[in-house]
Amino acid sequence: MRLFIYDHCPYCVKARMIFGLKNINIQLVTLLNDDEKTPISMIGKKMVPILEKAPGQFMPESMDIIQFIDQQFPPTIIHKEEDPFLLEILNQARIPYYSLVMPRWVSSTMEEFNTASARKYFQNKKEQMIGPFSTALTNTETYIKEITETLLKIEKKIKNQNKWYMENQVSFNDFHLFAFLRALTIVKTLPFPPRLEDYIKQIAKKSQIPLSTNIAL
Ligand SMILES: N[C@@H](CCC(=O)N[C@@H](CS)C(=O)NCC(=O)O)C(=O)O
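Residues numbered from 1 in each chain as written. Predicted model: local features only at pLDDT ≥ 70, side-chain atom pairs only at ≥ 80, totals over all residues. Heavy atoms only, no water.

### Quick look at the packing of aromatic side chains
Thinking step 1. Scanning the entire structure with this criterion turns up five aromatic pairs.
Thinking step 2. With a centroid separation of 5.0 Å and an interplanar angle of 70°, the aromatic rings of Phe113 and Phe122 are classed as edge-to-face. Here Phe113 matches Phe122 in class, with each residue buried.
Thinking step 3. An aromatic cluster is defined as three or more aromatic residues linked by ring pairs; in this entry it consists of Trp105, Phe113, Phe122 and Phe133.
Thinking step 4. Seen from the ring of Phe68, Lys53 lies directly overhead, with NZ or CZ sitting 5.0 Å from the centre.
Thinking step 5. A cation sits over an aromatic face here: Lys206 above Trp164, 4.8 Å from the ring centre. (Phe/Tyr/Trp six-rings, centres within 6.5 Å; stacked < 30°, edge-to-face > 60°. Buried < 20%, exposed > 50% of the residue type's maximum accessible area, 1.4 Å probe, protein only. Lys NZ or Arg CZ within 6 Å of the ring centre and 35° of its normal.)

Now the structure itself:
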């Protein structure tokens, strides 16, 4: 099986998590960000993650991939609960979140940005969403303050002894939360509250997904 991804992509992180958590071998293929042809030839649109289940058989959608792999490799481990509070908090944080991570992703050494045209493609597309990257970078301190409020709200939900967001069971919440937090680890000057910091490290290890802490910008 192969999983087509971008390194920065939080949805790809969700899909990657299930392979790491279940210790299943997967070949990761990082597409260039401006490669429209490859994903369109597989699923009819330009979107990752894409799982190649068998040669020529493709599955899009991170949450579908997670459930498919969980069922294909028993015993199943995922509880499908989603905490509406968490989803709402993550949704509300979209502007500061994207404004912090997007300009950093594009100037990083992540493989999908290996060419000038891939970087240009991403920047053009995402600036339509959040405005000029240069302005977002100038406003870093403001966005860090805003995202810190978000992190502190989530920190209150994480108990010291918890292995997962919901005590001792891995749930969809962990996929949403870890993908969000892992993206933020590219922001070198963002401090994480202590329980969340511990959570990020633990889930990264269990999921076998490197953080972006050491990614060069
Ligand atoms: N609902 C999809 C969303 C996937 C998605 O939005 N992926 C982004 C990358 S993070 C993408 O491929 N966007 C197209 C682009 O960047 O051009 C899922 O959960 O897999």
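### A look at the nonpolar core
Thinking step 1. Core analysis: the biggest nonpolar cluster contains 73 residues, and Val101, Trp105, Phe180, Leu181 and Leu184 have the highest contact counts within it.
Thinking step 2. A per-element tally of this core places helix α9 (residues 172-184) first, with nine residues.
Thinking step 3. Each of two domains, domain 1 (2-72) and domain 2 (84-207), supplies a minimum of three residues to this core.
Thinking step 4. If we skip the residues at most four places from it in the chain, Leu184 touches Tyr97, Leu100, Val101, Ile147, Leu151, Leu190 and Phe192. (Core = buried A, V, L, I, M, F, W, Y, C linked by side-chain atoms within 4.5 Å. Helix = DSSP H or I, 4+ residues; strand = E, 2+ residues; numbered from the N terminus. Domains from an automatic or database assignment. Contact = heavy atoms within 4.5 Å.)

### Here's the deal with unusual backbone geometry
Thinking step 1. Here Val48 and Pro49 are connected by a cis peptide whose omega angle stands at 10°.
Thinking step 2. Mapped onto the secondary structure, Pro49 falls in the loop between α2 (37-43) and β3 (50-54).
Thinking step 3. With an omega of 0°, the peptide bond running from Pro74 to Pro75 counts as cis.
Thinking step 4. Relative to the helices and strands, Pro75 resides in the loop between α3 (62-72) and α4 (84-92).
Thinking step 5. Look at Gln208: it is not a glycine, yet its phi comes out positive at around 60°.

### A word on the domain arrangement of the chain
Thinking step 1. In terms of domain boundaries, the chain breaks down into domain 1 (2-72) and domain 2 (84-207).
Thinking step 2. For domain 1 and domain 2, the distance between their C-alpha centroids amounts to 20 Å.
Thinking step 3. Across the contact, 21 residues belong to domain 1 and 25 residues belong to domain 2.
Thinking step 4. Taken together, both faces of the contact between domain 1 and domain 2 bury some 2,100 Å²; the carbon and sulfur share is 67%.
Thinking step 5. Note that Arg182 and Asp7 form a salt bridge whose closest N and O atoms lie 2.8 Å from each other.
Thinking step 6. The tally of links between domain 1 and domain 2 comes to seven residue pairs in polar contact (both at pLDDT 80 or more).
Thinking step 7. The set of elements that each furnish at least two residues to the side of domain 1 that touches domain 2 consists of α1 (10-21) and α3.
Thinking step 8. Among the elements that take part in the side of domain 1 that touches domain 2, α1 stands out by supplying eight residues, more than any other. (Buried area = accessible area lost by both parts, 1.4 Å probe. Salt bridge = Lys/Arg side-chain N within 4 Å of Asp/Glu carboxyl O. Polar contact = N/O pair within 3.5 Å; in protein donor to acceptor, adjacent residues only side chain to side chain.)

### A word on the site of the ligand
Thinking step 1. In the vicinity of the ligand, the contacting residues are Tyr6, Cys9, Pro10, Tyr11, Lys46, Met47, Val48, Pro49, Glu61, Ser62, Lys125 and Lys126.
Thinking step 2. Within the contact set of the ligand, an oxygen atom lies 2.7 Å away from a side-chain nitrogen or oxygen of Lys46.
Thinking step 3. Within the side chain of Lys125, one N or O atom sits 2.5 Å away from an oxygen atom of the ligand.
Thinking step 4. Notes on the ligand: free accessible area 520 Å², of which the protein chains cover 82%. (Near = heavy atom within 4 Å. Areas by Shrake-Rupley, 256 points an atom, 1.4 Å probe, with all protein chains shown as cover.)

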